[in-house]
Amino acid sequence: MAAFDPLTRLTQPLLFRLDPERAHTLAVQGVARSAPAIARLGLRVRDDRLAQRLWGIRFPNPVGLGAGYDKWGAAIPGWHALGFGFVEVGTVTAHPQDGNPRPRLFRLPADRAIINRMGFNNDGAAATAQRLAALDRAGALHRVPLGINIGKSKVTPVEDATGDYVASLDRLWPYADYVVVNVSSPNSQGLRDLQESSALAGILEALIDLNRMKADITRRRPRPILVKVAPELTDDQLDAVVDLLRTVGGDGLIVCNTTLSRHGLVSDPALITEQGGLSGPPVAARSLDMLRRVVARAPGMPVISVGGIGTADDAWQRLAAGARLVQVWTALVYGGPRTVAAINRGLLDRMRREGVAGVEELIGSATR
Ligand SMILES: Cc1cc2nc3c(=O)[nH]c(=O)nc-3n(C[C@H](O)[C@H](O)[C@H](O)COP(=O)(O)O)c2cc1C
């Protein structure tokens, strides 16, 4: 069990005594500073059975860091050392912004869940691009594939969203292996309305145009462009997003963001009523349902599944249901720094037990 290993036993009680946002900042700083020491812990599980090629990119294992953990791209070599197969930074907005007033991050230990209303606190696209450029020059950026998640700045009105997303992609394009259009965080006013087809079509078409232009000019490959959706989409709305992606030539979906639902929680009612998006195990069922729906409607459309994944069995279930990759966020808080290694080792153990040759064979196996 990841929760009982000495490293976690040492760090977790200390972090849990702190205010959650302070603990999070310290965790990111700790990972940023300690990449070489973390690398010596042997948490990178190297095994070709975990690897796959997607969008022409090699993913050494299917377990990624979910967006919002390292919005800044502050600790990328450290995430690699912790064993992630890919890392998603952001959400980055065109303009730097502070996010919502604190407190804005709440632990719900009884549910192993989190509520957050961070509100896209980040340095903005220009400063983030500078940081990523410096890492790139040091050869530390692309040890594993890097996703960059972009969102709308608070100062930009919803009707001008397209220009804001375009400005971010323009700055960040050179550093991304894939790009995520975040239209699903619950903490930016009006953002989720952009999931509606006509609004999303305008944004995606503009981003896809810019992507092609950048690829032509630089003679590099276009970046896969994905859309991250909210668990509150109705099934019909989800179908509409999938159909739109196929029409405009989007490259995949991330399913799903945090939920506004508070269904089935056992935590203190005072915590449950905090505003914001809920993450962790309470999102798992809806996330899995949505994944299955997308896979059924658009077989072959790459989906990154996220929401309540914390164990190898969780990851196995999502991959077998057709997810190409998975991401974790909240489970890192409760499971500690060995979570990713435990998931990858657990996947390998189960492949051995069930006679599955590798991740590529596992993906979609429950749908066949
Ligand atoms: C504190 C916090 C901040 C987050 N920030 C972002 C963000 O900036 N952009 C984004 O697309 N998702 C963000 N997310 C959502 C996660 O990437 C993920 O979709 C969600 O938490 C469900 O996964 P989990 O159950 O593994 O946490 C955030 C989640 C948390 C808990």
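Computed from a prediction, not measured in an experiment: that's the story for all the values here.

> Can you help me understand the sheet that holds strand β8 (residues 178-182) in this one?
By definition, the strands of a sheet pair up through backbone hydrogen bonds, in either a parallel or an antiparallel sense. Judged by pairing direction, the barrel is parallel, and its eight strands sit side by side in the order β3-β4-β7-β8-β9-β10-β12-β13 before closing back on the first. Across this sheet, the average inter-strand angle for adjacent strands is 25°, counted without regard to direction. Of the pairings in the sheet, the one linking strand β9 (residues 225-229) to strand β10 (residues 252-255) comprises four bridges and is parallel in character. Directly across from K228, in β10, lies its bridge partner I254.

> Would you mind showing me how to read the pairing of strand β4 (residues 86-93) here?
Counting buried positions along β4 gives eight out of eight residues, so the element sits mostly inside the fold. Two strands pair when backbone bridges link them, and strand β3 (residues 63-65) and β4 are joined in this way by two bridges, in the parallel orientation. Note on β4: the bridge partner recorded for L65 is V87. The pairing of β4 with strand β7 (residues 146-151) spans six bridges and is parallel. Paired with T93 across the two strands is G151, which belongs to β7.

> Help me out: how do you make sense of unusual backbone geometry in this one?
The phi angle of most residues is negative, glycine excepted, and most peptide bonds adopt the trans form. Cis geometry is found at the peptide bond from G90 to T91, where omega equals 10°. Assignment of secondary structure puts T91 in strand β4. Phi at R112 is positive, roughly 45°, even though this residue is not glycine. Examined against the element boundaries, R112 turns out to sit in the loop between β5 (105-108) and β6 (113-116). By relative accessible area, which is 42% here, R112 ends up partly exposed. Backbone geometry at F120 places phi at a positive 55°, although glycine is not the residue there. Residue F120 is classed as buried on the basis of its relative accessible area of 3%.

> Looking at this structure, I do not really get the packing of aromatic side chains. What am I missing?
One pair of aromatic rings is described through two measures. These are the centre distance and the angle between the planes. Counted under the stated rule, the structure contains eight aromatic pairs. With 5.3 Å between their ring centres and 80° between their planes, Y69 and W79 make a pair best called edge-to-face. Here Y69 is found in the loop between β3 and α4 (76-82), whereas its partner W79 is found in helix α4, with ten residues between them in sequence. Among the aromatic residues, those joined into a cluster by ring pairs are W55, F59, F86 and Y178. Between R107 and the ring centre of F16, over which it is positioned, the NZ or CZ distance is 4.5 Å. Taking the ring centre of W173 as reference, the NZ or CZ of R223 above it sits at 3.9 Å.

Reading the values: the criteria
- Residues numbered from 1 in each chain as written.
- Predicted model: local features only at pLDDT ≥ 70, side-chain atom pairs only at ≥ 80, totals over all residues.
- Heavy atoms only, no water.
- Pairing = 2+ DSSP bridges.
- Helix = DSSP H or I, 4+ residues; strand = E, 2+ residues; numbered from the N terminus.
- Axes fitted to C-alpha atoms, helices over the stretch in contact; angles between N-to-C directions.
- Buried < 20%, exposed > 50% of the residue type's maximum accessible area, 1.4 Å probe, protein only.
- Phe/Tyr/Trp six-rings, centres within 6.5 Å; stacked < 30°, edge-to-face > 60°.
- Lys NZ or Arg CZ within 6 Å of the ring centre and 35° of its normal.

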